[in-house]
Amino acid sequence: MTTPTTSATRRIGALTLRPLDPLRDAGLLHGWLTHPKSAFWMMQEAKLVDVERAYMDVAADPHQDAFIGLHDGVPAFLMERYDPVHRELTGLYDPEPGDVGMHFLVAPTDRPVHGFTRAVITAVMTELFADPATARVVVEPDVDNKAVHALNAAVGFVPEREIQKPEKKALLSFCTRDQFEKAVSR
């Protein structure tokens, strides 16, 4: 996977994905997920073994998978893809054929690069829509995560409604292929 070429992505560098290896990547993810900037992932108190187990469960589940995102070959973000019929949103909305759920996390850094997170979400969406079976991407971020709501809107997501998940109040939002293409072509 690479991001669409725009002036911003030329400045950012290459973004690629590789499958997440729960054992090899647990230490890296533990640092990301327990960082204060990752509070909305609700893993602040997780131990290394908790992260390892969580991603072993993801790897064993046919309805979800996870990837490490690389920036010029260096781990820089996490992408999770799931089937909302079977994970996360079961019974909370009426799924449509071609729905794919997504989570992403940019690694915390002390030296942020302007436009990097937007390039990451654009790359993630490009990867999801590279599958012709994907008609719509579904997300359910915490209602209080205003930063991710703005990023989601920037790539074409339209909020539908608030939903109550067991762990949080979430903003259910959707993005079709057409909405994404229009948003990133601006």
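Here, the structure is the one placed above.
Below: a short report on this structure. (Residues numbered from 1 in each chain as written. Predicted model: local features only at pLDDT ≥ 70, side-chain atom pairs only at ≥ 80, totals over all residues. Heavy atoms only, no water.)

### A look at the sheet that holds strand E5 (residues 136-139)
By way of backbone hydrogen bonds, the strands of a sheet pair with one another, either parallel or antiparallel. Applicable threshold: Pairing between strands requires that DSSP locate at least two bridges from one strand to the other. Working definition: helices are DSSP H or I runs of at least four residues, strands are E runs of at least two. Numbering for both runs from the N terminus. Only C-alpha atoms enter the line fits that serve as axes; for helices the fit covers just the stretch in contact. Angles between N-to-C directions range over 0 to 180 degrees. Two residues qualify as a contact provided that any one of their heavy atoms is within 4.5 Å of a heavy atom in the partner residue.
Taken in spatial order, the 7 strands of this open sheet run E1-E2-E3-E4-E5-E7-E6, and their pairing is mixed. Of all the strands in the sheet, just strand E1 (15-19) and strand E6 (158-164) have a single pairing partner and so form its edges. Averaged over all pairs of adjacent strands, the angle between strand axes in this sheet comes to 30 degrees, irrespective of strand direction. Both E5 and strand E7 (residues 169-176) contribute to a ladder of 4 bridges, which runs antiparallel. Along E7, the bridge assignment pairs Val139 with Ser173. Here helix H2 (residues 22-33) sits on the sheet in contact with E1, strand E2 (64-71), strand E3 (74-82) and strand E4 (99-106), set at roughly 90 degrees to E3.

### What about H2?
Using the following cut-off: Here the expected span of a helix is defined as 1.5 Å times the quantity of residues minus one. Each residue's exposure class comes from its accessible area (1.4 Å probe, protein chains only) as a fraction of the maximum for that residue type: buried when under 20%, exposed when over 50%, partly exposed otherwise. The directions from the helix axis to the C-beta atoms form the arc being described. In protein, a polar contact means a hydrogen-donor-capable atom and an acceptor-capable atom, both N or O and within 3.5 Å, with residues adjacent in sequence counting only if both atoms are side-chain atoms; elsewhere, any N or O pair within 3.5 Å suffices.
Between its terminal C-alpha atoms H2 stretches only 14 Å, short of the 16 Å expected from 12 residues at 1.5 Å a residue. By the burial criterion, the buried members of H2 are Pro22, Asp25, Ala26, Leu29, Trp32 and Leu33. For H2, the angular spread of the buried residues around the axis is 135 degrees, confining them to a single face. Turning to H2, the residues buried within the fold contact E1, helix H3 (48-60), E2, E3 and E4. At the N-terminal end of H2, a side-chain oxygen is found 3.0 Å from the backbone nitrogen of Leu23, two or three residues along, and the residue is Asp21.

### Details of the environment of Phe180
As for its position among the elements, Phe180 is in helix H6 (residues 177-185). Residues Phe180 and Phe157, 23 residues apart in the sequence, show an inter-C-alpha distance of 7.5 Å.

### Details of the pattern of salt bridges
Formally: In what follows, salt bridge is the name for a side-chain nitrogen of Lys or Arg lying within 4 Å of a carboxyl oxygen of Asp or Glu.
Inspection of the entire model under this criterion finds 13 salt bridges. With a shortest N-O distance of 3.6 Å, Arg136 and Glu96 are connected by a salt bridge. Linking Arg136 in strand E5 with Glu96 in the loop between E3 and E4, this pair joins segments that are 40 residues apart in sequence. Look at Arg136 and you get buried, because its relative accessible area is 11%. What makes Glu96 partly exposed here is its relative accessible area of 44%. Asp178 is paired through a salt bridge with Lys182; the nearest N and O atoms lie 3.1 Å apart. Placement of both Asp178 and Lys182 in helix H6 is noted, with a separation of 4 residues, approximately one turn of the helix.

### Things to note about the layout of surface pockets
Put simply, the rule is: For each structure, a 1 Å grid was placed over the protein atoms alone; sets of points admitting a 1.4 Å probe that cannot get out are labelled cavities, open sets with protein on both sides within 12 Å along at least five of seven lines are labelled pockets, and lining residues have an atom within 4 Å of a point. Grid points are joined across faces, edges and corners, and a volume is the space filled by probe spheres set on the points. Only Asp, Glu, Lys and Arg are considered charged in this grouping, and only Ala, Val, Leu, Ile, Met, Phe, Trp, Tyr, Cys and Pro are considered nonpolar; every other residue, Gly among them, is considered polar.
A volume near 1300 Å³ is recorded for the largest pocket. Lining the largest pocket are 47 residues, with Ser38, Trp41, Phe104, Leu105 and Val106 sitting closest to its centre. Of all the secondary-structure elements, those providing two or more residues to the lining of the largest pocket are H3, E2, E3, E4, helix H4 (116-129) and helix H5 (146-154). If one sorts the elements of the lining of the largest pocket by residue count, E3 sits on top with 6 residues. Tallied by class, residues from the lining of the largest pocket come to 26 nonpolar, 9 polar and 12 charged.

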